[in-house]
Amino acid sequence: MTAPALARPADARARVARHATWWQAGALVLLGVLVVVALLPLDPVANDLSHRFAGPSAAHPLGTDQLGRDVLARLAVGARLSVGFTLVALALCAGIGTVLGVLAAWCGRAVGQLFQRTIDVLVAIPAVLIGLVVVAASGGAPGVWSLLVAIVVAGWTPFARLTYQLVVRERAREYVEGAVAVGAGPLRIAFRHVLPNLARPLLSHLCLRFANVLLTVAGLSFLGLGPQPPTPEWGAMLADGRQFLFNAPQLVLLPALAVVGTALLVTSLGRGLERRWTTGPTGQF
């Protein structure tokens with residue numbers, strides 16, 4: 001086989017890497033625009049019934065809704081709640097799942113097997129059902145706190161499962177055996193030596209789980225289990241606009257595009273991080 005033929009696969013991989021880098025850069029720019037728009041000082045509840053269902057204009061770039069409220073303002077402020085809430089819930093899920101996964105991996109095979117079977121059971125329970133149970137337990141009052149508890153109860157398991165598998169693999173590494181040999185305790189080894197080495201796969205997994213959590217938040221809010229009107233939230237905006245789907249489809253299409261677009265952008269970043277950190281000379285983290 002000639003040298004040019006050998007070079008073609010490497011050239012193809014280089015082109016794919018360049019395209020992926022440009023896509024990730026574009027995703028970062030779009031997410032930056034989303035953050036800037038979300039921080040604009042807009043009023044999402046000011047209404048003008050004389051301008052109901054108004055089209056795009058200088059005063060209302062995306063038009064108005066059924067109460068004459070500015071759609072752009074509601075989408076922007078809704079981003080603070082939808083994306084911000086998702087980030088908070090995701091951080092709690094990652095923290096709880098990671099700590100429990102590390103502890104289960106260090107407690108022996110029997111505890112690990114019980115831990116995995118428990119996760120299998122929890123994964124089989126839909127987040128919507130968990131949300132309904134949480135709302136019922138809180139006295140039937142849906143809101144931000146009920147939604148947060150439902151998301152965390154349903155969302156910590158993927159992080160716990162991944163952390164458990166990674167820690168079990170890391171325990172066989174030489175640096176762990178060296179730490180044991182010098183007398184380091186199990187918790188010190190787990191959280192001081194092992195866990196920092198898992199930061200990359202856990203961070204890429206965090207980005208990949210963002211879309212799932214965002215869609216769950218929007219879905220539960222769509223069902224009325226999240227923030228209540230007139231608080232703007234993308235899922236709640238979808239629920240409010242569905243009755244006007246044929247008269248004013250933008251009231252459904254715009255929040256749906258915001259949810260799906262944001263999820264795709266963050267997922268693309270997670271995929272990029274995963275490829276960058278998992279593919280190397282050894283093909284491992």
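Residues numbered from 1 in each chain as written. Predicted model: local features only at pLDDT ≥ 70, side-chain atom pairs only at ≥ 80, totals over all residues. Heavy atoms only, no water.

The name given to the protein chain in an unreviewed UniProt entry is ABC transporter permease, with Pseudonocardia alni subsp. carboxydivorans as the source organism. The Subcellular location (unreviewed entry) comment attached to the protein chain in UniProt states, word for word, "Cell membrane". As its UniProt record puts it under Sequence similarities (unreviewed entry), the protein chain is described as follows: "Belongs to the binding-protein-dependent transport system permease family." (UniProt positions renumbered as here; feature names shortened; annotations may be inferred.)

(A) Representation of empty space enclosed by the protein within the structure. Scanning all chains against the criterion turns up one cavity of 30 Å³ or more. Empty space within the largest cavity amounts to approximately 100 Å³. In this structure, the largest cavity is lined by Asp 65, Gln 66, Arg 69, Val 71, Arg 74, Met 237, Asp 240, Gly 241 and Leu 251. Listed by contribution, the elements that provide at least two residues to the lining of the largest cavity are helix H2 (71-105) and helix H10 (234-241). A per-element tally of the lining of the largest cavity places H10 first, with three residues. (1 Å grid on protein atoms, 1.4 Å probe; cavity = no way out; pocket = protein on both sides within 12 Å on 5 of 7 lines; lining within 4 Å. Points joined across faces, edges and corners; volume = space filled by probe spheres on them. Helix = DSSP H or I, 4+ residues; strand = E, 2+ residues; numbered from the N terminus.)

(B) Examining the UniProt feature "transmembrane region" (unreviewed entry) in the protein chain more closely. As annotated by UniProt and renumbered to match this structure, "transmembrane region" (unreviewed entry) occupies residues 21-42, 83-107, 119-138, 144-164, 206-224 and 244-266. The distance separating the terminal C-alpha atoms of residues 83-107 is 36 Å; by composition the span is 92% helix and 0% strand. Taken end to end, residues 206-224 is 89% helix and 0% strand, and its first and last C-alpha atoms sit 26 Å apart.

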